Amino acid sequence: MNRMRNRKAIVVSPYGAGSASGNWETANRYAALLQSAGVDASAVNLDEALRGLSNGSLREDSSIRWVLLHARRSQPLAAQLKNMGLGYTVVLTGTDVYGDLAQPDSSSEATAMALSTIESAQAVLALQSDAAEQLHHHLRRLGRTLYGRLAVIEQTASAPPDTPANSRSDHAQSSDDVYRVLMVGNVRSEKDPLTAFGAVEDWAMERTRQERRRMQLIHCGASLDDSLYAAMRAYARALPEGLVFRGAVSKPEVFAEMHRANLLLHPSVAEGGSLVIAEAVACDLPVLASDIGCHRAMLGSDYPGLFGVGDRAGLTEILTNAWSAWALDSSDSVESMPARFRGAYPGIRERLCDSSRERDQLIGLLWPEGDAR
């Protein structure tokens, strides 16, 4: 794609490197995807972008494609770009779609800021189809419209070449007799970690101390909510062998944990897009996820690994069944939960593990005029 070598793009995240923010990770991913096509693309944080426009280090160049993550938080930059006559694309986050725009009081400052960014954008990008549907619903309720400016581009992932993908037999047993359930996500209420921790505690309460094969929940992610993190630590103190905190870890470490794990658990109450699910699918790791719009859009409404949001008892039952199949050496059975999860993967993988398609869709959105100079 050398034809893109004269194209330029700036992808802006509300937060910068070292922030443990999913928005920053997405900004870096987009910049890398565009770079792979020959685009001169860079990821910057919001403060850097605002300073750059103010001091002239970022030129007022109408040929540059601006991509802003998070409608509400990016509103100051969106307003400045609009005043300069420069266009931009806004990428909707879960906070935008399932939080700020869903507020019953449409006059709130958060809703107004998000709407301002969306209404002035050249294009609006949702990361999965439910987010797009919800946005249309909210805008109709508020008497607004997008006039064809909305696109849906799903995030994709692939396992690193040096990280072997799971297979049906790789994780039937582990050398230390531990069934590993992996959670990946920063500690905040939207991720609903306490439902997961409570379910593992409930599972443990039904086991005898003589049980040789045990379950362990490994959590990877930085703490963005001190009180919630304290509650998680309380669970861990009560169940020291069953709950492990890895904290903020690098992407290679996440993939290494995925290779060691038997199951990815993602119990969120809301998600704008869930890259970790695509990464698990790329690693052939069974996914157990809450039944929310994002997860249905990514995995399919009939995916067998969905459980009710906040349903601790239901999650305990599913984890117990999955653990039992593993403990009885029957996790390869076509009737077992992990096998049924993976049985749905071929079609899912075709969508979520093709980065070239995501790259081409992103380029088509930013340069709809094609190659014409």
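Residues numbered from 1 in each chain as written. Predicted model: local features only at pLDDT ≥ 70, side-chain atom pairs only at ≥ 80, totals over all residues. Heavy atoms only, no water.

**Description of the packing of aromatic side chains**
This model, assessed by the stated rule, comprises 6 aromatic pairs. When the ring of Tyr 303 is compared with that of Phe 341, the centres are 5.7 Å apart and the planes differ by 35°; the resulting orientation is tilted. Here the residue Tyr 303 occupies a position in the loop between helix 11 (293–299) and strand 12 (306–307), and Phe 341 occupies one in helix 13 (residues 337–343), the gap between them amounting to 38 residues. For Phe 341, a relative accessible area of 2% puts it in the buried group. Here the aromatic cluster, defined as three or more aromatic residues joined through ring pairs, consists of Phe 197, Tyr 229, Tyr 235 and Phe 245. (Phe/Tyr/Trp six-rings, centres within 6.5 Å; stacked < 30°, edge-to-face > 60°. Helix = DSSP H or I, 4+ residues; strand = E, 2+ residues; numbered from the N terminus. Buried < 20%, exposed > 50% of the residue type's maximum accessible area, 1.4 Å probe, protein only.)

**Some thoughts on the layout of surface pockets**
The calculated volume of the largest pocket comes to roughly 1400 Å³. Together, 50 residues line the largest pocket, and Ser 21, Gly 22, Asn 23, Asn 186 and Arg 188 are the ones closest to its centre. Per element, the largest residue contribution to the lining of the largest pocket is 7 residues, and it comes from helix 1 (residues 22–36). Of the residues assigned to the lining of the largest pocket, the class counts are 17 nonpolar, 22 polar and 11 charged. (1 Å grid on protein atoms, 1.4 Å probe; cavity = no way out; pocket = protein on both sides within 12 Å on 5 of 7 lines; lining within 4 Å. Points joined across faces, edges and corners; volume = space filled by probe spheres on them. Nonpolar A, V, L, I, M, F, W, Y, C, P; charged D, E, K, R; others polar.)

**Looking at the pairing of strand 1 (residues 8–13)**
Moving residue by residue along a regular strand, the side chains alternate between the two faces of the sheet. Within strand 1, 5 of the 6 residues are buried, leaving the element largely enclosed by the surrounding structure. As defined by bridge partners, strand 1 adjoins strand 2 (residues 40–45) across 6 bridges and the pair is classed as parallel. Paired with Lys 8 across the bridge in strand 2 is Asp 40. Pairing of strand 1 with strand 3 (residues 65–69), which is carried by 4 bridges, proceeds in the parallel orientation. Bridging across to strand 3, Val 11 finds its partner in Val 67. (Pairing = 2+ DSSP bridges.)

**So, the sheet that holds strand 1**
Sheet strands associate in pairs through backbone hydrogen bonding, adopting either a parallel or an antiparallel arrangement. Strand order in the open sheet made by the 6 strands is 2-1-3-4-5-6, with parallel pairing throughout. A single partner strand is all that each edge strand has here, and the edge strands are strand 2 and strand 6 (150–152). Neighbour-to-neighbour, the strand axes of this sheet turn through a mean angle of 20°, independent of strand direction. As paired elements, strand 4 (residues 88–91) and strand 5 (residues 123–126) share 3 bridges and run parallel to each other. Directly across from Thr 89, in strand 5, lies its bridge partner Ala 123. The sheet contacts of helix 1 involve strand 1, strand 2, strand 3, strand 4 and strand 5, and relative to strand 2 the element is tilted by about 170°. Contacting strand 4 and strand 5, helix 5 (residues 109–120) runs over the sheet at an angle of about 135° to strand 4. (Axes fitted to C-alpha atoms, helices over the stretch in contact; angles between N-to-C directions. Contact = heavy atoms within 4.5 Å.)

**Some words on the sheet that holds strand 7 (residues 178–184)**
Read from one edge of the open sheet, 6 strands run 9-8-7-10-11-12, paired in parallel fashion. The sheet is open, and its two edges are formed by strand 9 (243–247) and strand 12, each paired on a single side. With 2 bridges joining them, strand 11 (residues 287–290) and strand 12 adopt parallel strand pairing. Counted as the bridge partner of Ser 290 is Phe 307 from strand 12. In this fold helix 8 (residues 226–238) packs onto strand 8 (214–220) and strand 9, with an angle of close to 140° to the strand it touches most, strand 9.

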